[in-house]
Amino acid sequence: MSSMNFSSAKQTVKPPQRGIFPLDHDSECKPFMKKYISCLKEEADKHHLCRELSKEYLQCRMDRELMASEDLDKLGFSEEAKVEKAVEYDKSKEKEGYVAGKHIDGRIKWWFQR
(Lines give C-alpha, C1' and ligand atoms only; values in the text may rest on other atoms or scores of the structure.)
Protein backbone atom coordinates (compact mmCIF):
# COMPACT_ATOMS: atom_id res chain seq x y z
CA MET A 1 0.00 0.00 0.00
CA SER A 2 1.46 3.37 -0.93
CA SER A 3 1.41 6.24 1.44
CA MET A 4 0.46 9.72 0.36
CA ASN A 5 1.76 12.85 1.97
CA PHE A 6 -0.66 15.74 1.97
CA SER A 7 1.02 18.87 3.18
CA SER A 8 -0.98 21.18 5.35
CA ALA A 9 1.25 24.10 4.39
CA LYS A 10 -0.50 27.05 2.81
CA GLN A 11 0.07 27.36 -0.91
CA THR A 12 0.86 30.82 -2.19
CA VAL A 13 0.04 32.13 -5.62
CA LYS A 14 2.78 34.10 -7.34
CA PRO A 15 1.99 36.99 -9.68
CA PRO A 16 3.09 36.50 -13.30
CA GLN A 17 6.66 37.32 -14.17
CA ARG A 18 7.51 40.51 -15.97
CA GLY A 19 6.86 40.09 -19.67
CA ILE A 20 3.96 37.69 -19.20
CA PHE A 21 0.65 39.31 -19.98
CA PRO A 22 -2.90 38.34 -20.97
CA LEU A 23 -3.75 37.22 -24.47
CA ASP A 24 -5.54 39.61 -26.78
CA HIS A 25 -8.78 37.61 -26.96
CA ASP A 26 -10.73 40.45 -28.61
CA SER A 27 -8.01 41.02 -31.24
CA GLU A 28 -7.79 44.69 -30.32
CA CYS A 29 -4.09 44.90 -31.20
CA LYS A 30 -4.03 42.28 -33.94
CA PRO A 31 -3.56 44.78 -36.80
CA PHE A 32 -0.44 46.16 -35.08
CA MET A 33 0.86 42.64 -34.49
CA LYS A 34 0.26 41.63 -38.12
CA LYS A 35 2.12 44.70 -39.40
CA TYR A 36 5.05 43.90 -37.11
CA ILE A 37 5.16 40.20 -38.09
CA SER A 38 4.97 41.01 -41.80
CA CYS A 39 7.79 43.54 -41.38
CA LEU A 40 9.93 40.86 -39.71
CA LYS A 41 9.26 38.51 -42.62
CA GLU A 42 10.10 41.17 -45.20
CA GLU A 43 13.29 42.20 -43.41
CA ALA A 44 14.54 38.63 -42.78
CA ASP A 45 13.97 38.87 -39.00
CA LYS A 46 16.11 42.00 -38.58
CA HIS A 47 14.02 43.35 -35.72
CA HIS A 48 15.83 46.68 -35.52
CA LEU A 49 14.30 47.60 -38.89
CA CYS A 50 10.78 47.03 -37.48
CA ARG A 51 11.37 48.94 -34.27
CA GLU A 52 8.60 51.52 -34.72
CA LEU A 53 5.99 48.84 -35.45
CA SER A 54 7.03 46.97 -32.32
CA LYS A 55 6.70 50.17 -30.34
CA GLU A 56 3.18 50.77 -31.73
CA TYR A 57 2.14 47.22 -30.85
CA LEU A 58 3.34 47.48 -27.26
CA GLN A 59 1.71 50.90 -26.91
CA CYS A 60 -1.59 49.42 -28.12
CA ARG A 61 -1.35 46.66 -25.50
CA MET A 62 -0.64 49.20 -22.76
CA ASP A 63 -3.50 51.47 -23.87
CA ARG A 64 -5.96 48.58 -23.70
CA GLU A 65 -4.56 47.34 -20.36
CA LEU A 66 -3.34 44.05 -21.83
CA MET A 67 -0.01 44.70 -20.16
CA ALA A 68 1.21 46.98 -17.41
CA SER A 69 1.93 50.56 -18.44
CA GLU A 70 5.66 51.07 -18.69
CA ASP A 71 7.87 53.81 -20.03
CA LEU A 72 8.84 52.72 -23.55
CA ASP A 73 12.37 53.98 -22.96
CA LYS A 74 12.72 51.32 -20.25
CA LEU A 75 11.53 48.70 -22.71
CA GLY A 76 14.42 49.43 -25.07
CA PHE A 77 12.92 52.18 -27.24
CA SER A 78 15.13 55.03 -26.05
CA GLU A 79 17.30 56.90 -28.53
CA GLU A 80 20.44 55.44 -26.90
CA ALA A 81 19.15 51.89 -27.55
CA LYS A 82 18.42 52.56 -31.19
CA VAL A 83 20.39 50.34 -33.58
CA GLU A 84 21.90 52.20 -36.51
CA LYS A 85 23.95 50.92 -39.40
CA ALA A 86 23.83 47.30 -38.30
CA VAL A 87 25.88 45.03 -40.54
CA GLU A 88 25.07 41.36 -41.00
CA TYR A 89 27.98 38.96 -40.66
CA ASP A 90 28.35 37.13 -43.97
CA LYS A 91 30.20 34.05 -42.61
CA SER A 92 32.80 34.37 -45.35
CA LYS A 93 35.53 32.82 -43.17
CA GLU A 94 33.41 29.77 -42.43
CA LYS A 95 32.59 29.35 -46.12
CA GLU A 96 36.34 29.17 -46.82
CA GLY A 97 36.74 26.38 -44.26
CA TYR A 98 37.81 28.35 -41.17
CA VAL A 99 37.23 26.59 -37.87
CA ALA A 100 37.52 28.58 -34.65
CA GLY A 101 40.47 27.52 -32.49
CA LYS A 102 42.04 25.32 -35.12
CA HIS A 103 44.78 27.84 -35.82
CA ILE A 104 46.26 27.47 -32.30
CA ASP A 105 49.38 25.30 -32.25
CA GLY A 106 50.22 23.00 -29.39
CA ARG A 107 48.42 22.38 -26.19
CA ILE A 108 47.21 25.35 -24.16
CA LYS A 109 48.19 25.36 -20.52
CA TRP A 110 45.85 26.52 -17.83
CA TRP A 111 46.91 29.35 -15.54
CA PHE A 112 47.75 26.88 -12.77
CA GLN A 113 49.94 24.75 -15.08
CA ARG A 114 52.29 27.59 -16.06
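Below, the structure is looked at part by part. (Residues numbered from 1 in each chain as written. Predicted model: local features only at pLDDT ≥ 70, side-chain atom pairs only at ≥ 80, totals over all residues. Heavy atoms only, no water.)

**Quick look at the nonpolar core**
Listed in full, the nine residues of the largest apolar core are Cys-29, Tyr-57, Leu-58, Cys-60, Met-62, Leu-66, Met-67, Leu-72 and Phe-77. Per-element accounting of this core gives the leading share, four residues, to helix α2 (residues 51–63). With residues up to four places along the chain from it excluded, the contact list for Cys-60 reads Glu-28, Cys-29 and Phe-32. (Core = buried A, V, L, I, M, F, W, Y, C linked by side-chain atoms within 4.5 Å. Buried < 20%, exposed > 50% of the residue type's maximum accessible area, 1.4 Å probe, protein only. Helix = DSSP H or I, 4+ residues; strand = E, 2+ residues; numbered from the N terminus. Contact = heavy atoms within 4.5 Å.)

**Let's talk about a nonpolar patch on the surface**
On the surface, Trp-110, Trp-111 and Phe-112 cluster together into a nonpolar patch covering about 480 Å² of accessible area. Structurally, Trp-111 is set in the segment after α4 (92–95). Note on Trp-111: relative accessible area 69%, which makes it exposed. (Patch = residues over 30% accessible without salt bridge, like charges linked within 9 Å, V, L, I, M, F, W, Y side chains within 5 Å. Areas by Shrake-Rupley, 256 points an atom, 1.4 Å probe, with all protein chains shown as cover. Salt bridge = Lys/Arg side-chain N within 4 Å of Asp/Glu carboxyl O.)

**So, the pattern of salt bridges**
Applying the stated criterion to the full structure yields one salt bridge. Arg-64 serves as the salt-bridge partner of Glu-28, at 3.8 Å between the closest nitrogen and oxygen. Taken together, the positions of Glu-28 in the segment before α1 (30–42) and Arg-64 in the loop between α2 and α3 (73–77) put the pair 36 residues apart, joining distant regions of the chain.

**Focus: α1**
A rise of 1.5 Å per residue sets the reference length of α1, with its 13 residues, at 18 Å; its end C-alpha atoms lie 18 Å apart and thus fit the reference within 8%. Along α1, the residues that are buried comprise Tyr-36, Cys-39 and Leu-40. Axial view of α1: buried residues confined to an arc of 100°, hence all on one face. In α1, the exposed positions angled more than 90 degrees off the buried face are occupied by Lys-34, Lys-41 and Glu-42. In this fold, the buried residues of α1 make contact with α2. (Expected span 1.5 Å × (residues − 1). Arc of directions from axis to C-beta.)

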